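# Structural overview for review
Take a look at the letters that make up each chain.
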Amino acid sequence: MTDLIIDGKQVVLPKGMDLKVKQQNPLITKNGTFTLDLSLSLKERNNSILYKHIERLQSAAVIEGRSAVLISNGHIILNGTEAFISNTNEEVKIQLLSGNSELNYFIGADSYISSLDLGKENDLSNEHFNKAIRNNFPDYNFTCPMVKIGNIIYNKYYEMARMEKENLVYDFTNRAIQPYLLAMIEKILGALGYTIEINEARNDQFLSHIFILNNDTSGEYNKILPGWTVKDFLEECEKLMNIVFVINDTNKSARILCAYSPNDMGTYTINNVLDTFERTAVDSEERISYKNVCYDFPNSTEYKYLDIDDAIIETANVIEVENYSELIEKFSDADGYFFPDELFEEQIQTLNIWHVKETDCYYIPEKRKDHIDNLPQDPIKNKLDQGYLFKVNTFKKYTSEPDNDYLKLSFFPCTFTRMAYAVAYGALQITYPASLPYQPGNNQSEADNDIKTIKSLIEKGGIDFDKNKKQVTICACFPKPDDYDKYVVFTDHTPAHIFRKHDCTKQDIGSFRLDGPNSMIQYFRPNQNIDTTKEYTIKFIISTMPNIQAQFLLNNKLFICKELEYRIINDGIHPEVTGTFYEVK
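Please read these numbers as outputs of a predicted model, since none were measured by experiment.

## Describing the overall build of the chain
Of regular secondary structure, the chain possesses 12 helices and 35 strands. For the chain, with 585 residues in total, the buried portion stands at 51%. The contacts in the chain between residues at least 6 apart in sequence include a share of 70% that link residues at least 24 apart.

This is the structure we're talking about:
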């Protein structure tokens with residue numbers, strides 16, 4: 001027996017109904033679960049009342065976003081949303097949406113994130129910020145390292161109050177929350193009406209520490225991403241972290257799965273095979289192709305150093321060194337001083353790029369652009385060092401098939417800038433050079449900068465918050481509660497600048513690199529070796545409903561299911577099912 005309930009009311013289904021329901025595996029495809037197109041007769045009184053007599057000429061009925069539950073043989077086939085398509089005098093056409101398709105329906109409305117109620121951090125006190133910088137997500141939804149956006153520094157502190165560990169605090173000024181990326185995802189899904197059943201990315205030590213650079217000081221989460229729609233934001237999250245949003249059809253909850261994680265959905269044995277054939281797949285990878293990946297960096301000077309064109313590398317004089325020890329030796333004089341002025345002046349005039357093979361890092365000499373008061377001076381030469389080594393090409397493109405297009409990631413790692421960093425050693429205060437996350441650009445749009453009087457504000461008609469889409473720059477922050485430095489911010493496991501010999505210490509804590517050890521490529525690779533060049537279509541008889549995310553066993557061979565097609569008739573679920581599969585090698 002098959003029943004459809006819309007907005008809590010029973011629907012009269014057409015006689016002789018034979019619906020084809022396609023359920024798709026969200027770990028393989030982008031479409032999610034399924035959609036159903038259905039025509040209902042308005043001659044049936046129950047249907048006419050349910051649709052508010054929409055067939056009548058004077059009807060002004062508005063029908064949108066009502067709940068829909070399709071039940072067959074006691075199984076909830078669909079628990080989602082009704083989308084009204086059209087009507088005539090005799091029938092109404094609707095679409096039933098569920099699983100990821102329902103999520104896409106809400107996303108498809110292209111609602112701006114700014115229109116959602118994502119909550120607010122009401123406590124923006126210095127005390128609360130000192131707690132946040134020492135904790136992680138999910139205990140806190142934000143962190144608060146010092147960052148620079150445009151020409152303004154946020155969460156700025158000038159010096160430590162004391163050196164005693166138990167009393168060490170930051171005196172933050174111009175405070176702005178820096179939200180964790182996973183916290184923004186969960187808040188948005190919650191605002192759409194979903195509860196989070198599981199978020200596998202929470203368990204990842206790198207992904208859970210990614211934050212978005214933010215210059216809004218209100219503490220309101222819906223003001224952090226102007227110009228971004230829900231659809232665009234979640235799709236970019238999927239691409240960056242290779243995560244999947246899966247909707248639970250029974251309790252309106254969402255699961256956030258890591259597509260690279262091992263399959264733990266069990267194994268379904270296929271018996272009673274009716275037909276099978278294979279064909280060459282048109283697209284060799286259904287969901288998201290990570291054959292070639294690059295960051296979609298803005299075309300500004302600061303970002304050109306993060307991903308250098310191959311033609312420039314070929315023109316440059318690349319000098320290979322095995323490790324950091326050799327690099328430091330090359331840039332030290334006979335007395336052991338690192339990067340003395342005469343060596344800097346020699347190197348700055350060349351086309352040299354130094355490549356450390358051990359960590360696949362590229363460096364060029366760079367001149368210090370700022371003067372820092374109280375910087376510790378060379379005790380022998382009694383002068384400031386002029387230069388330092390600047391790491392470049394860190395986030396170069398990942399290429400496995402040069403003839404194919406690149407998947408572009410719109411969320412990209414920030415760059416870094418330098419500033420003075422003061423530390424108090426008892427009565428002695430010493431200032432050091434330090435790097436902080438930096439997003440170049442203006443603080444406001446040029447149009448908004450023109451609004452300086454009440455008359456110009458009235459004449460313009462207000463400020464369109466979502467007119468310009470904000471660039472989303474990301475970074476990672478790890479608290480260090482047992483150290484004098486209470487946190488570390490980074491985009492790579494090696495430092496962006498080398499000022500002193502000990503700066504080149506390698507830290508295996510993750511990276512936004514697209515290739516190499518501890519890089520993002522670990523998230524892009526599938527959890528199983530699946531041959532997506534051949535599709536197997538198998539028609540078989542079911543006795544129980546299979547989980548589409550499970551592994552399927554046929555003739556002692558393992559398969560991953562791309563799609564299952566069911567037939568739903570008035571009497572229930574037809575036992576014949578057609579599936580599309582990929583073989584696990």
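Having seen it, we continue.
## Let's talk about the side chain of Glu186
Tracing the chain through its elements places Glu186 in helix 4 (residues 181-191). If we ignore the near neighbours within four places in the chain, the residues touching Glu186 are Phe137, Ile196, Asn199 and Arg202.

## Considering the packing of aromatic side chains
A full pass over the atoms with the stated rule returns 25 aromatic pairs. Between Tyr536 and Phe559 the ring centres are 5.5 Å apart and the planes differ by 70°, which places this aromatic pair in the edge-to-face class. Of this pair, Tyr536 sits in strand 31 (residues 530-541) while Phe559 sits in strand 33 (residues 557-569); the two residues are 23 residues apart in sequence, bridging distant segments of the chain. Assigned by exposure class, Tyr536 and Phe559 land together as buried. An aromatic cluster is defined as three or more aromatic residues linked by ring pairs; in this entry it consists of Phe129, Tyr140, Phe142, Tyr157, Tyr170 and Phe172. Between Lys187 and the ring centre of Tyr221, over which it is positioned, the NZ or CZ distance is 4.4 Å.

## Focus on the nonpolar core
Counting residues in hydrophobic clusters, the biggest one holds 86 residues, and the most contacted among them are Ile185, Phe233 and Tyr295. With 7 residues, the top contributor of residues to this core is helix 4. Counting 39 residues, the second largest nonpolar core, distinct from the first, contains Val11, Leu13, Met17 and Tyr536.

## Considering the pattern of salt bridges
Tallied over the full model, the rule gives 16 salt bridges. Here Lys357 makes a salt bridge to Glu322, at a shortest N to O gap of 2.7 Å. On the criterion of sequence distance, the pair formed by Lys357 in the loop between strand 20 (352-356) and strand 21 (361-367) and Glu322 in the loop between strand 19 (317-321) and helix 8 (324-330) is long-range, its members being 35 residues apart. In this structure Lys357 comes out as partly exposed when scored by relative accessible area, which is 41%. Across the pair Lys391 and Asp492 runs a salt bridge whose closest N-O atoms are separated by 2.5 Å. One end of the pair, Lys391, is in strand 22 (residues 387-392); the other, Asp492, is in the loop between strand 29 (487-490) and strand 30 (497-498), with 101 residues separating them in the sequence. On the accessibility criterion, Lys391 (5% relative accessible area) is buried. Linked by salt bridges that have partners in common, Lys391, Asp492 and Arg513 make up one network.

## Here's the deal with the environment of Trp228
Checked against the element boundaries, Trp228 lands in the loop between strand 13 (210-212) and helix 5 (230-241). Distance from Trp228 to Ser114, taken between C-alpha atoms, is 8.0 Å for residues 114 residues apart in sequence. Ignoring sequence-local partners within four residues, the contact set of Trp228 consists of Ser111, Tyr112, Ile113, Phe233, Glu236, Ser410, Phe411, Lys469, Lys470 and Val472.

## Digging into helix 4
Counting buried positions along helix 4 gives 8 out of 11 residues, so the element sits mostly inside the fold. When we look at burial in helix 4, the residues that qualify are Leu181, Leu182, Ala183, Met184, Ile185, Glu186, Ile188 and Leu189. Within two residues after helix 4, Gly193 carries a phi angle of roughly 100°, on the positive side.

## Quick notes on the sheet that holds strand 18 (residues 292-295)
Pairing between the strands of a sheet comes from backbone hydrogen bonds, and it takes one of two forms, parallel or antiparallel. Spatial ordering of the open sheet is given by 23-18-24, a layout of 3 strands whose pairing is mixed. The open sheet has two edge strands with one neighbour each: strand 23 (398-399) and strand 24 (407-409). The pairing of strand 18 with strand 24 spans 3 bridges and is parallel. By the bridge assignment for strand 24, Tyr295 is matched with Leu409. Helix-sheet contacts for helix 5 involve strand 18 and strand 24, and the interaxial angle to strand 24 is about 110°.

## Some thoughts on the packing of helix 4 against helix 5
Contact geometry of helix 4 with helix 5 gives a least axis separation of 11 Å together with a crossing angle of 140°. Looking at the two axes, helix 4 sits oblique to helix 5. In the packing of helix 4 onto helix 5, the handedness of the crossing is left-handed. Here Leu181, Leu182, Met184, Ile185, Ile188 and Leu189 of helix 4 lie close against helix 5, whose contacting residues are Val230, Phe233, Leu234, Cys237, Leu240 and Met241.

## Looking at helix 5
Taking 1.5 Å as the rise per residue, helix 5 with 12 residues should run 16 Å; its terminal C-alpha atoms sit 17 Å apart, in good agreement. Directly beyond the C-terminal end of helix 5, a positive phi value near 55° is found at Asn242.

## Describing the confidence of the model for the chain
Looking at the chain, pLDDT values average 80 and 78% of them are 70 or higher. A low-confidence stretch, residues 160-165 (pLDDT under 50), is modelled with 19 contacts involving residues beyond four sequence positions or located in other chains. Low confidence marks residues 370-385, where pLDDT is under 50. Its contacts with residues over four positions away, or in another chain, come to 34 contacts.

## With respect to the environment of Thr35
Here Thr35 lies in strand 4 (residues 34-41). In the structure, Thr35 is positioned 62 residues away from Leu97 in sequence and 4.8 Å away in space, judged by C-alpha atoms.

## Side note on the pairing of strand 7 (residues 91-98)
Summarising the sheet, strand 6 (residues 75-87) and strand 7 pair through 6 bridges and their orientation is antiparallel. If you follow Phe84 over to strand 7, its bridge partner there is Ile94. As consecutive antiparallel partners, strand 6 and strand 7 are separated by 3 residues.

## Observations regarding the side chain of Ser208
By secondary structure assignment, the location of Ser208 is in the loop between strand 12 (195-199) and strand 13. Within polar-contact distance, the side chain of Ser208 engages the backbone oxygen of Asp204 at 2.7 Å. Ser208 has contacts with Phe137, Tyr180, Leu182, Ala201 and Arg202, leaving out every residue within four places of it along the chain.

Cut-offs used in this document
- Residues numbered from 1 in each chain as written.
- Predicted model: local features only at pLDDT ≥ 70, side-chain atom pairs only at ≥ 80, totals over all residues.
- Heavy atoms only, no water.
- Helix = DSSP H or I, 4+ residues; strand = E, 2+ residues; numbered from the N terminus.
- Buried < 20%, exposed > 50% of the residue type's maximum accessible area, 1.4 Å probe, protein only.
- Contact = heavy atoms within 4.5 Å.
- Phe/Tyr/Trp six-rings, centres within 6.5 Å; stacked < 30°, edge-to-face > 60°.
- Lys NZ or Arg CZ within 6 Å of the ring centre and 35° of its normal.
- Core = buried A, V, L, I, M, F, W, Y, C linked by side-chain atoms within 4.5 Å.
- Salt bridge = Lys/Arg side-chain N within 4 Å of Asp/Glu carboxyl O.
- Pairing = 2+ DSSP bridges.
- Axes fitted to C-alpha atoms, helices over the stretch in contact; angles between N-to-C directions.
- Parallel < 35°, antiparallel > 145°, perpendicular 65-115°, else oblique.
- Left-handed = near helix turned anticlockwise from the far one by under 90°.
- Expected span 1.5 Å × (residues − 1).
- pLDDT = per-residue confidence, 0-100.
- Polar contact = N/O pair within 3.5 Å; in protein donor to acceptor, adjacent residues only side chain to side chain.

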